[in-house]
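# Topology and contacts: notes
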Amino acid sequence: MRRAFLPAFILFLLLACQLVGLPGAGVPTQTVSPPGTSPTRPTATWTAPAASPPPGPSEGTPTPTPKEALASLAPGASSAFTLRYHPDGGLFVGDVISLEVIPPVNLDLEGREIAVAAGGAEGADLGVAKFAPFGLGGRLQATFYWSWDTRGLQPGQHTLTFTLLPEGPQWTESLTLQPRSALQPPEPLARWASVQSECCQVYYVTQTASQRDLELLLEMADEQAELASQALQSTWDIQVPAVLVPRVMGHGGFTTQEVAISYLDRDYTGGSADIILRHEMLHLLDGQLGGEYRPALFVEGLAVHLSGGHFKPEDPVARAAALLEMGWYLPLRSLTQDFYHAQHEVSYIEAGALVGYLVERWGWPAFNAFYRSIRPPAEGEDPLIAIDQALATHFQLSLTQLEEDFLAHLRSLEISPGELEDVRQSVAFYDALRRYQQALDPSAYFLTAWMLDGEEMRSRGIVADYLRHPSVVENQALETLLISAATGLRQGEYVRAGEALEAVNAVLEAIERDDASPFAANALAADYYAVVGAVAAQGYQVQRIQLSGDQATAWVSGATPLLSEVRLQRAGGSDWMVSAGL
């Protein structure tokens, strides 16, 4: 397998996936602040490492009926509902805008409808949408996909009117459309394009890193499609549709009827490109091979096992043993019932290790026959019953008995201190990453990521939903800190990784408490913020930073996806100035 085939400065790092249905999920947009001030946070909040759903009312607190809750909203309905706009990162004349309307958590509106009109109550009707669970996280919301075409409108303030059907309440929201001329490169010239390789029909956006590196990406796609085919001992019956997304989305990869991976220079997700692409292709080919009911525990476990790791080359069984030794192991029963709300790294590592254990113990043909034979649970039935029945038929044991054997195997393994530290820091890294996404890049957060019907998006010529994302100084500084932490992890430099993660978390904690100068909470974070600010003052965006005492090297981009190396010198305290390269 070829590795590191791109220049070292291109951080082609993708995060593990989740299988999703379409349309995708939506998340908050960000109102950005001028450099040097505390960014305005969206209403998303950080969840604990277990990624549990939001809690309901406290025990003993009566839950209001929908009618009572609605009555309490008027006339303040606009502050009770959360409104998200897409594209993320600012709205411009000419955008085809999507909206998410999210009710307060104590208001059960599932199945109810809401209408939206532009320009006031007598303006253009943008349609009606039902409140329904959304994304992997099942957040209740009404979603208006590409409902407001702003071509021909004037820049400036516009009004939207929201009416909860049938009896209200009704309220208005104001937003500002910036002039189309204010769009920053590469968007004015960016278009969807496609090219065919041996394995795949590859879709990408022009004027981006994907176009710059296209030849190498096509080579990688062909190689990973072949490895996926060999791993599943099957051939492709389709030309694989593969989409290169020019922003971080979820954990960097997802599969619907297409394979999609994030590809951009400031990819802060920390994974290995070949591993992630193969993981997604395995999902697509696995689905092609069929099976009436494929539980997430085995779907994701199979992809991790056959990819040779989750986010990077690694031994999932050894890492599961490390989780067990650290007391982080999750019971398999809980993973059969709610896989995606479990702690992400723990669930994927355990799933990959379990599949690896089954294949090693009984062989691939026996595992594959078991996996494809699991029947769909009856309505309201615990999925564990169907899994137990298939295990009994093929291996003469239950999941409980299988787990006892699996745990005994994990306890028999000798785990190195390095493996323990790598697992510990990997979990900490991805917790910090998701915490950052919920605070400042919420459209990327995996439980409610803004993932769309790619075919329809391309047919409409829409690039902004995937091309535009929050990129102010605060975003660039925290994302480059996450990249530094990921680099430290890959190289086994755990002190470096820990310091970068400490900086990220210190800033996020300061933002959460509404600190006016959140980057002052940590010296390393302050340096990264100052370096990004010095480069931004010259009209460039930072993609990666390397600090060494009073010297810094930054890899930056401007109007094109070509990268330049810039040198900076500390000018005193946490101030930095460009010394060479621009």
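Residues numbered from 1 in each chain as written. Predicted model: local features only at pLDDT ≥ 70, side-chain atom pairs only at ≥ 80, totals over all residues. Heavy atoms only, no water.

Our focus in this paragraph is the overall build of the protein chain. A tally of regular secondary structure across the protein chain gives 18 helices and 16 strands. Each of the 582 residues in the protein chain was classed as buried or not, and the buried ones make up 56%. At a minimum sequence separation of 6, the contacts of the protein chain that also span at least 24 residues come to 68%. When the accessible surface of the protein chain is split by element, carbon and sulfur atoms take 51% of a total near 23,000 Å². (Helix = DSSP H or I, 4+ residues; strand = E, 2+ residues; numbered from the N terminus. Buried < 20%, exposed > 50% of the residue type's maximum accessible area, 1.4 Å probe, protein only. Contact = heavy atoms within 4.5 Å. Areas by Shrake-Rupley, 256 points an atom, 1.4 Å probe, with all protein chains shown as cover.)

On to the environment of Leu140. With respect to the helices and strands, the residue Leu140 is situated in strand S5 (residues 139-149). As a C-alpha pair, Leu140 and Pro103 span 37 residues in sequence and 7.3 Å in three-dimensional space. Setting aside anything within four residues of it in sequence, one finds Leu140 in contact with Ile102, Pro103, Leu107, Asp108, Leu109, Glu110, Phe131, Ala132 and Pro133.

So, on to the state of the cysteines. Enumeration over the complete set of coordinates arrives at 1 disulfide. Through a disulfide, Cys199 is tied to Cys200; the S-S separation comes to 2.1 Å. Between Cys199 and Cys200, the disulfide has an S-S torsion of -90 degrees and is therefore left-handed. Cys200 shares its class with Cys199; the two are buried. (Disulfide = S-S within 2.5 Å.)

Summarising the model, the protein chain shows a mean pLDDT of 87, and 86% of its residues fall at 70 or more. Across residues 1-64, where pLDDT falls below 50, the model places 216 contacts with residues more than four positions away in sequence or in other chains. (pLDDT = per-residue confidence, 0-100.)

Overall, the coordinates contain 4 cavities of 30 Å³ or more when judged by the stated rule. When its volume is computed, the largest cavity comes out at roughly 140 Å³. What lines the largest cavity is a set of 16 residues, and nearest its centre among them are Phe311, Lys312, Arg319, Ser426 and Tyr430. Within the lining of the largest cavity, the residues separate by chemical class into 8 nonpolar, 3 polar and 5 charged. For the second largest cavity, the calculated volume is near 80 Å³. Forming the walls of the second largest cavity are 14 residues, and the residues nearest its centre are Phe254, Glu258, Ala260, Leu452 and Gly454. Secondary-structure elements contributing two or more residues to the lining of the second largest cavity are strand S10 (240-245), strand S11 (253-255) and helix H14 (454-460). (1 Å grid on protein atoms, 1.4 Å probe; cavity = no way out; pocket = protein on both sides within 12 Å on 5 of 7 lines; lining within 4 Å. Points joined across faces, edges and corners; volume = space filled by probe spheres on them. Nonpolar A, V, L, I, M, F, W, Y, C, P; charged D, E, K, R; others polar.)

Helix H18 (residues 523-536) packs onto helix H16 (residues 473-490) with a crossing angle of 125 degrees between their chain directions and a minimal axis gap of 9 Å. As far as their axial angle goes, H18 and H16 are oblique. Relative to H18, the crossing made by H16 is right-handed. Taken together, the residues of H18 that come into contact with H16 (itself represented by Val473, Glu474, Gln476, Ala477, Thr480, Leu481 and Ser484) are Leu524, Ala525, Tyr528, Tyr529, Val532, Gly533 and Ala536. (Axes fitted to C-alpha atoms, helices over the stretch in contact; angles between N-to-C directions. Parallel < 35°, antiparallel > 145°, perpendicular 65-115°, else oblique. Left-handed = near helix turned anticlockwise from the far one by under 90°.)

The omega torsion of the bond from Leu165 to Pro166 falls at 5 degrees, within 30 degrees of zero and hence cis. Summarising the element assignment, Pro166 is placed in the loop between strand S6 (156-165) and strand S7 (170-177). Between Gly168 and Pro169 the backbone carries a cis peptide bond, its omega angle lying at 10 degrees. By the secondary structure assignment, Pro169 is in the loop between S6 and S7. Phi at Asp514 takes a positive value of approximately 60 degrees, unusual for a residue other than glycine. Tracing the sequence through the fold places Asp514 in the loop between helix H17 (494-512) and H18. Taking relative accessible area as the criterion, Asp514 reaches 57% and is therefore assigned exposed.

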